[in-house]
Amino acid sequence: MTAAAAALKEKGVDVVTLSQGEPDFDTPEAVQNAGIAAIKSGRTRYTPVAGVKPLREAIREKLLRDNGLAYDIDQITVGCGAKQVVFNALFASLDPGDEVIIPTPCWVSYPDMVRLAGGEPVLVECHEHFGFKLKPQDLEAAITPRTKWLMLNSPNNPTGAVYSISDLAALAKVLREHKQVHVLADDIYEKLVYGVRFATMAEAAPDLIDRVLTVNGVSKSSAMTGWRLGYGAGPRDLIKAMNTIEGQTSSHTSSISQYAAIEAIAGNQDYVGAFVTEFEKRRDFVVGRINEAEGLKCRTPDGAFYVFVNCAGVIGKVTPQGKVIENDMDFALHLLDQFGVAVVPGSGFMASPYIRISYAAAIKDLQQACGRILAACEALS
Ligand code: PLP
């Protein structure tokens, strides 16, 4: 949708893009400067596959400080974004036919990554009325002797759902009975929570730490999506296998990004508070306006920068052009083609009928877009 919106914009069409998955803020200045200093001081050569030692040291300290997790430096690996870390973990561990439980709605990449690595995605629906979170009994029902991983993403893309420490403890209780199951905790939105406490699986269930891969990065928390730097911490044998894959693919992420990330992870992070304040204001605005629209409703998400909107109330309606809205893709196209707003249909996240609105956009764009979305709903009969 972002590409379709960009193509329309190129043709001169006025489009507001709310399909993006990245903060609209600039990388903080101190981090920019650390990247520039890395270039100027010649830190522009190959690095160790797992990442330079001072970066892994900074990550080790972060995991201890923020999450109470004690990892050794050889249990940490750095990759080209959290995305590559997730991919390396799946590629390193899945045998053909191994199953990976993916609670849905989920980030678009998980099912395809599992398939690319030879595994079978097992999608488990998480209902809106349960806050889009995985229920322990649904986890239990999905586990088989072939289950290798449970993917847990909190705060969640696309729903913004945040698992509390007791939610995680309840899932851990199920996992204790099934020793073949590992947990991939994708914590990439950790810092973007609004009035709730972030928790991660290895913290909620320290006895399971040998079965957990904790994944995080700087993309969302430090507005560094283009720098491509993420990391994982977990059992030594898994990290070693992931490093083997990294070594034969990208070798490592950019040396410049690694030195900039040391500043992002170990330096002053006061800017995160400013990001959170701004995002929270935008979230409240979008949720308020969307709930005024005929046929749409949404919950107030606790984290990330997305609102996941139930659009069941517009399905079956007819556009002024005479087209029946049969699914969320049709509705997203109605918004884009007739009203100039780009959002992502829920089908991309394995959940329908929904649309995902990203509020990583300036408030004036959000005001304009929400006005258009209300008008788009009113135009349906
Ligand atoms: N995990 C989730 C749930 C995401 O939404 C994203 C990006 O949108 C990523 C991982 C990838 O993050 P990175 O930019 O660090 O690769």
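Note that the coordinates shown come from a computational prediction; the quantities given were computed from them, not determined experimentally.

Before going further, it helps to spend a moment on the pairing of strand β7 (residues 212-217). Buried residues dominate β7, accounting for 6 of its 6 residues. Of the two faces of β7, the one carrying Val212, Thr214 and Asn216 and the one carrying Leu213, Val215 and Gly217 are both buried. When strand β6 (residues 182-186) meets β7, the two strands line up parallel, connected through 4 bridges. Of the residues in β7, the one forming a bridge with Ala185 is Thr214. As judged from the 4 bridges shared by β7 and strand β8 (residues 230-233), these two strands associate in the antiparallel manner. The residue bridging Gly217 from the neighbouring strand is Gly230, located in β8.

Turning next to the sheet that holds strand β4 (residues 120-125). Within a sheet, each strand pairs with its neighbour through backbone hydrogen bonds, oriented either parallel or antiparallel. Strand order across the open sheet formed by 7 strands is β2-β8-β7-β6-β5-β3-β4, with mixed pairing between neighbours. Of all the strands in the sheet, just β2 (76-79) and β4 have a single pairing partner and so form its edges. Shown here is a sheet whose adjacent strand axes are inclined to one another by a mean of 20°, direction ignored. Of the strand pairs in this sheet, strand β3 (residues 99-104) and β4 are connected by 6 bridges, and their pairing is parallel. Paired with Ile102 across the two strands is Leu123, which belongs to β4.

Running from amino to carboxyl end, helix α11 (residues 270-290) crosses helix α13 (residues 363-378) at an angle of 10°, the nearest separation of the two axes being 10 Å. With respect to α13, the element α11 is oriented roughly parallel. Across the interface between the two elements, Arg282, Phe285, Val286, Arg289 and Ile290 of α11 pack against Ile363, Leu366, Cys370, Ile373 and Leu374 of α13.

On to the site of the ligand, then. Near the ligand lie 13 residues; those nearest to it are Gly81, Ala82, Lys83, Asn157 and Ser219. Per-element accounting of the shell around the ligand gives the leading share, 3 residues, to helix α4 (residues 81-93). The class makeup of the residues in the shell around the ligand is 3 nonpolar, 8 polar and 2 charged.

Attention shifts here to the domain arrangement of the chain. Domain annotation for the chain reports domain 1 (2-21 + 271-378) and domain 2 (29-266). For domain 1 and domain 2, the distance between their C-alpha centroids amounts to 28 Å. Taken together, the contact pairs 21 residues of domain 1 with 22 residues of domain 2. Where the side of domain 1 that touches domain 2 is concerned, the elements lending two or more residues are α11 and β10 (306-310). The greatest single-element share of the side of domain 1 that touches domain 2, amounting to 5 residues, is contributed by α11. In the side of domain 1 that touches domain 2, the residues fall into 12 nonpolar, 5 polar and 4 charged.

Our focus in this paragraph is the sheet that holds strand β13 (residues 354-358). Ordered by their spatial adjacency, 4 strands build an open sheet running β9-β10-β13-β12, and the pairing between neighbours is antiparallel. Every other strand in the sheet has two partners, leaving β9 (297-298) and β12 (344-345) as the edge strands with one partner each. Relative to β10, β9 is paired through 2 bridges, and the arrangement is antiparallel. Looking at the pairing, Lys297 lines up with Asn310 of β10. Of the strands in this sheet, β9, β10 and β13 are in contact with α11, which crosses β10 at around 10°.

Criteria and thresholds
Residues numbered from 1 in each chain as written. Predicted model: local features only at pLDDT ≥ 70, side-chain atom pairs only at ≥ 80, totals over all residues. Buried ≥ 20, exposed ≤ 12 C-beta atoms within 10 Å, placed from the backbone. Helix = DSSP H or I, 4+ residues; strand = E, 2+ residues; numbered from the N terminus. Pairing = 2+ DSSP bridges. Axes fitted to C-alpha atoms, helices over the stretch in contact; angles between N-to-C directions. Parallel < 35°, antiparallel > 145°, perpendicular 65-115°, else oblique. Contact = placed C-beta atoms within 7 Å. Near = placed C-beta within 6 Å. Nonpolar A, V, L, I, M, F, W, Y, C, P; charged D, E, K, R; others polar. Domains from an automatic or database assignment.

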